[in-house]
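For reference, the chains in residue letters:
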Amino acid sequence: MSASVHQARESLGHRLRDLRQDAGLSGRQLALLAGWPSSKVSKIEYGKQTPTEDDLRAWGQHCRVPDQVPDLIATVRNIEAMYVEWRRMLRTGTKRRQETSRTIESETRLFRWYEPVLVPGILHTAEYAAAVMARVIEFYQIPDDLEAGVAVRMQRQQILYHGIHRFHFVLAEQALRTMVGDTSVMIGQLDRLLTVLSLPRVRLGILPATHQYRVPSNQFILFDDRLVHVEAITAELAVTQPREIALYAKAFQGLADAALHGKQAHDMVSEALGRLR
């Protein structure tokens, strides 16, 4: 779980402790009134346990601050959104996830996107997207809505051509070599990357496999300076703490400085394409 989630839990716990103390209750007294184990109050106040919405209603009632309950519940829901398991996010299939991405992207002016293994989703061909998403459906054993999911992913690409959005993608060289689908799928996708290199609001860099290690890295997307998405195997992390976002921005700049852009990036994609042909 990310530090953002833990810090948000601790912040909520401090707030709840203040409410309890202002009401003149000890932790043991509050637990007794609410019918909880005596340790539950301390776990919540120290950020070791996220309270349920019913817990917060009881807290507000016994601390005589029912007017604060709606805001406390909204805070918990925001914490839960910071760490969302893929099984939960994809429980109805892939389309809903793509629609959520489209909403976030529409609100973003500057994208900074690093991918170590695959081509970024917003640059996919339909065939490459179908091959990737088919594996996602199989791996997580979710409802098969492949056609609908691919359709929305393709619609997301309109943002590359309209509005005031700017994009800086950095791909590790491995992304040009990871076989997604068959050879024809890969040829189509690398051709697509050559086209992307010519788009006026897109900057695309390729990080050579032999680059000098400078910064820690994993897949991540920076949406302006307000949000970072990190895709782990079990869940997606939403990082909102300014201090953490600044570290991701620093990491992206280090990766971008080591990447090849312009003609050199074009040559690397063309070389990978030539090997496939």
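In every chain, residue numbers begin from 1 and rise along the written sequence. It should be noted that, the model being predicted, local features are given only for residues of pLDDT at least 70 and side-chain atom pairs only at 80 or more, the latter also being counted only at that level, while totals for whole chains, interfaces and linings use all residues. Working from all heavy atoms in the structure, the side-chain values ignore hydrogens and water.

What to know about the environment of Gln158
Then, number 1: Helix and strand assignments follow DSSP, with helices taken as H or I runs no shorter than four residues and strands as E runs no shorter than two, numbered in order from the N terminus. Relative to the helices and strands, Gln158 is located in the loop between α9 (146-156) and β3 (166-172).
Then, number 2: The exposure class assigned to Gln158 is partly exposed, which follows from its relative accessible area of 44%.
Then, number 3: Separated by 131 residues in the primary sequence, Gln158 and Gly27 place their C-alpha atoms 54 Å from one another. With a 1.4 Å probe rolled over the protein chains alone, any residue whose accessible area is under 20% of its type maximum counts as buried; one over 50% counts as exposed, and the rest are partly exposed.

A few points about the packing of aromatic side chains
Then, number 1: In summary, the pairing rule links any two rings of Phe, Tyr or Trp, Trp by its six-membered ring, whose centres are within 6.5 Å, and it sorts them by plane angle into stacked for under 30 degrees, edge-to-face for over 60 and tilted for everything else. For the structure on display, the rule yields 9 aromatic pairs.
Then, number 2: Relative to Phe252, the ring of Phe220 lies with its centre 6.4 Å away and its plane at 80°, an arrangement referred to as edge-to-face. With Phe220 in strand β5 (residues 220-223) and Phe252 in helix α12 (residues 242-258), this residue pair connects regions lying 32 residues apart in the sequence.
Then, number 3: On the accessibility criterion, Phe252 (2% relative accessible area) is buried.
Then, number 4: Taken together, the ring pairs connect Phe111, Trp113, Phe167, Phe169 and Phe223 into an aromatic cluster.

Quick look at the nonpolar core
Then, number 1: Each nonpolar core is a collection of buried residues, namely Ala, Val, Leu, Ile, Met, Phe, Trp, Tyr and Cys, held together in the definition by side-chain atoms within 4.5 Å. Judged by nonpolar contacts, the single largest core of 38 residues is most densely connected at Leu123, Phe167, Phe169, Leu171, Leu193, Leu204 and Ile206.
Then, number 2: Here this core takes 7 residues from helix α11 (residues 183-196), the largest share from any one element.
Then, number 3: Note on definitions: a residue-residue contact is assigned when non-hydrogen atoms from the two residues lie within 4.5 Å. The contacts of Ile206, once residues within four sequence positions are left out, are Leu171, Glu173, Leu176, Ala259, Leu260, Ala265, Met268 and Val269.
Then, number 4: Of all hydrophobic cores here, the second largest spans 22 residues; its members include Leu16, Leu25, Ala58 and Ile73.

A short note on α12
Then, number 1: With 17 residues, α12 ought to run about 24 Å at 1.5 Å a step, and its terminal C-alpha atoms sit 25 Å apart, in line with that.
Then, number 2: Turning to α12, its buried residues number three or more, namely Glu244, Ile245, Tyr248, Ala249, Ala251, Phe252, Gly254, Leu255 and Ala256. In a helix, the anticipated span is given by 1.5 Å times the number of residues less one.

Focus on the side chain of Arg156
Then, number 1: With respect to the helices and strands, Arg156 occurs in helix α9.
Then, number 2: Residue classification places Arg156 among the buried positions, given a relative accessible area of 5%.
Then, number 3: Ignoring anything within four residues of it in the chain, the contact list for Arg156 reads Gln98, Ser101, Arg102, Glu105, Trp113 and Ile122.

A closer look at the packing of helix α7 (residues 95-106) against α9
Then, number 1: Throughout, an axis means a line fitted to C-alpha atoms (over the contacting stretch in the case of helices), and angles, computed between N-to-C directions, take values from 0 to 180 degrees. For the pair α7 and α9, interaxial distance at closest approach is 8 Å and the crossing angle is 10°. Taken as axis vectors, α7 and α9 run roughly parallel relative to one another. Regarding α7 and α9, the two cross each other, and that crossing is left-handed. Residues Lys95, Gln98, Glu99, Ser101, Arg102 and Glu105 of α7 form the contact with α9, whose participating residues are Ala148, Gly149, Val152, Arg153, Gln155 and Arg156.
Then, number 2: Residue type decides the class: Asp, Glu, Lys and Arg count as charged, Ala, Val, Leu, Ile, Met, Phe, Trp, Tyr, Cys and Pro as nonpolar, and the leftover types, Gly among them, as polar. Broken down by class, the residue content of the contact of α7 with α9 amounts to 2 nonpolar, 4 polar and 6 charged. The labels follow the angle: roughly parallel below 35 degrees, roughly antiparallel above 145, roughly perpendicular from 65 to 115, and oblique for the rest. Throughout, a crossing is termed right-handed when the near helix is turned clockwise from the far one, and left-handed when it is turned anticlockwise from it by less than a right angle.

Focus: unusual backbone geometry
Then, number 1: One non-glycine residue, Gln141, lies in the positive phi region at around 55°.
Then, number 2: The topology assignment puts Gln141 in the loop between α8 (126-140) and α9.

Some words on the pattern of salt bridges
Then, number 1: Here a salt bridge means any side-chain nitrogen of Lys or Arg lying within 4 Å of a carboxyl oxygen belonging to Asp or Glu. Under the criterion given, the structure shown has 16 salt bridges.
Then, number 2: The residue Arg112 makes a salt bridge to Asp225 at a minimum N-O spacing of 2.8 Å. On the criterion of sequence distance, the pair formed by Arg112 in strand β2 (residues 110-115) and Asp225 in the loop between β5 and β6 (227-231) is long-range, its members being 113 residues apart.
Then, number 3: According to the relative accessible area criterion, Arg112 is buried, its value standing at 13%.
Then, number 4: Judged by its relative accessible area of 58%, Asp225 is exposed.
Then, number 5: Put simply, Glu53, Asp54 and Arg57 are held in one network by salt bridges that share partners.

Details of the environment of Ala265
Then, number 1: One can find Ala265 in helix α13 (residues 262-276).
Then, number 2: Accessibility expressed as a relative area gives 0% for Ala265, which makes it buried.
Then, number 3: On a C-alpha basis, the gap between Ala265 and Arg226 in space is 29 Å, while along the polypeptide they are 39 residues apart.
Then, number 4: Residues within four places of Ala265 in sequence aside, it is in contact with Leu197, Leu204, Ile206 and Leu260.

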